[in-house]
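# What the coordinates show
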Amino acid sequence: MQQHTTRVNPSEETIKIGPLGIRFLLTGEDSHGSASVFEVRVPAGQKLEAPAYKNDAYEEIVYGIEGVLTWTVDGTPIEVGPGQALCIARGAVHRFDNLGSEDVKQLAVICPAIMGPAYFREAAEVMSAAGGGPPDREKMMNVFRRHGMTVAAPPLTPSSKQ
């Protein structure tokens, strides 16, 4: 019988993806697939270039620690600050920006642990390969799909409705 050792932050790892810092505390391997937990840091005034997306098979819970991050969920902006939590249901189209003048730190919990460090490593690799330009859209969409996410269709504009 394999013995399980309990320890603090068994999967602690920091991954840089563009301006974001992601520090994993637990992965699915640590929780028998039930949850992955990480901190995300977003610099002040950072509007992300990433498109809106939806989680196909997991909930995402975010908890504010420092600063205020504006999440847009199904078209509605929601500010999440220190001591506040938001549950983003699977299938909800969402994205986030730091519209404030203070750096943000939030905790994210993914249940079940479908998305983990591999997603951020692969996304960072695609962005790095772009050499500062826009990342290869098809490669990035494949990364999203492999990790349980779907990029949302861009919103209709008056010219696209014709």
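### Focus: the overall build of the protein chain
- When helices and strands are tallied, the protein chain shows two helices and eleven strands.
- For the protein chain, the sequential pattern of α-helices and β-strands runs β-β-β-β-β-β-β-β-β-β-α-α-β.
- For the protein chain, the C-alpha radius of gyration of 16 Å lies close to 15 Å, the compact-globule estimate for 162 residues.
- Over its C-alpha atoms, taken along the principal directions, the protein chain stretches across nearly 65 × 35 × 30 Å.
- The burial tally for the protein chain puts 40% of its 162 residues in the buried class.
- Put simply, of all contacts in the protein chain between residues at least 6 apart along the chain, 63% involve residues at least 24 apart.
- In the structure as shown, the protein chain presents an accessible area of about 9300 Å², 54% of it carried by carbon and sulfur atoms.
- Taking the average place of the 15 positive charges on the side chains of the protein chain and the average place of its 19 negative ones, the gap between the two points comes to 3 Å.

### Thoughts on helix α2 (residues 137-146)
- Every buried residue of α2 is listed here: Met140, Met141, Val143 and Phe144. One side of α2 holds all its buried residues, which, seen down the axis, span an arc of 155°.
- Looking at the buried positions of α2, the neighbouring elements they touch are β4 (53-55), α1 (117-129) and β11 (149-151).
- Where α2 begins, the capping side chain belongs to aspartate 136, and its oxygen is found 3.1 Å from the backbone nitrogen of glutamate 138.
- Positioned one or two residues after α2, glycine 148 has a phi angle of 80°, which is positive.

### Description of the pairing of strand β7 (residues 76-80)
- Sheet analysis places strand β6 (residues 69-73) next to β7, joined by five bridges and oriented antiparallel. Each bridged residue has a counterpart across the sheet, and for leucine 69 the counterpart in β7 is valine 80.
- Count of turn residues in the β6/β7 antiparallel hairpin: two residues, of which aspartate 74 carries a positive phi of about 50°.

### Some thoughts on the packing of α1 against α2
- Closest axis-to-axis distance for the α1/α2 pair is 10 Å, and the angle between their directions is 180°. Classified by the angle their axes make, α1 and α2 are roughly antiparallel. Contact residues: α1 offers Tyr119, Glu122, Ala123, Val126 and Met127, while α2 offers Lys139, Met140, Val143, Phe144 and Arg146.
- In the contact of α1 with α2, the residues fall into seven nonpolar, no polar and three charged.

### Digging into the sheet that holds strand β9 (residues 93-97)
- Here five strands make up an open sheet; going across it, the order is β7-β6-β9-β4-β11 and the pairing antiparallel. Lying at the two open borders of the sheet, with one neighbouring strand each, are β7 and β11. Each strand of the sheet is rotated relative to its neighbour by a mean of 35°, with strand direction disregarded.
- Sheet topology note: the β4/β11 ladder contains three bridges and is antiparallel. Looking at β11, one finds that asparagine 55 is bridged to methionine 149.
- Here α2 sits on the sheet and contacts β4 and β11; the angle it forms with β11, its principal contact strand, is near 150°.

Reading guide: rules and limits
- Residues numbered from 1 in each chain as written.
- Predicted model: local features only at pLDDT ≥ 70, side-chain atom pairs only at ≥ 80, totals over all residues.
- Heavy atoms only, no water.
- Helix = DSSP H or I, 4+ residues; strand = E, 2+ residues; numbered from the N terminus.
- Rg over C-alpha atoms; globule rule 2.2 N^0.38 Å.
- Buried < 20%, exposed > 50% of the residue type's maximum accessible area, 1.4 Å probe, protein only.
- Contact = heavy atoms within 4.5 Å.
- Areas by Shrake-Rupley, 256 points an atom, 1.4 Å probe, with all protein chains shown as cover.
- Lys, Arg positive; Asp, Glu negative; His and termini not counted.
- Charge placed at Lys NZ, Arg CZ, Asp CG, Glu CD.
- Arc of directions from axis to C-beta.
- Polar contact = N/O pair within 3.5 Å; in protein donor to acceptor, adjacent residues only side chain to side chain.
- Pairing = 2+ DSSP bridges.
- Axes fitted to C-alpha atoms, helices over the stretch in contact; angles between N-to-C directions.
- Parallel < 35°, antiparallel > 145°, perpendicular 65-115°, else oblique.
- Nonpolar A, V, L, I, M, F, W, Y, C, P; charged D, E, K, R; others polar.

As far as function goes, none of this settles anything; it's purely spatial.
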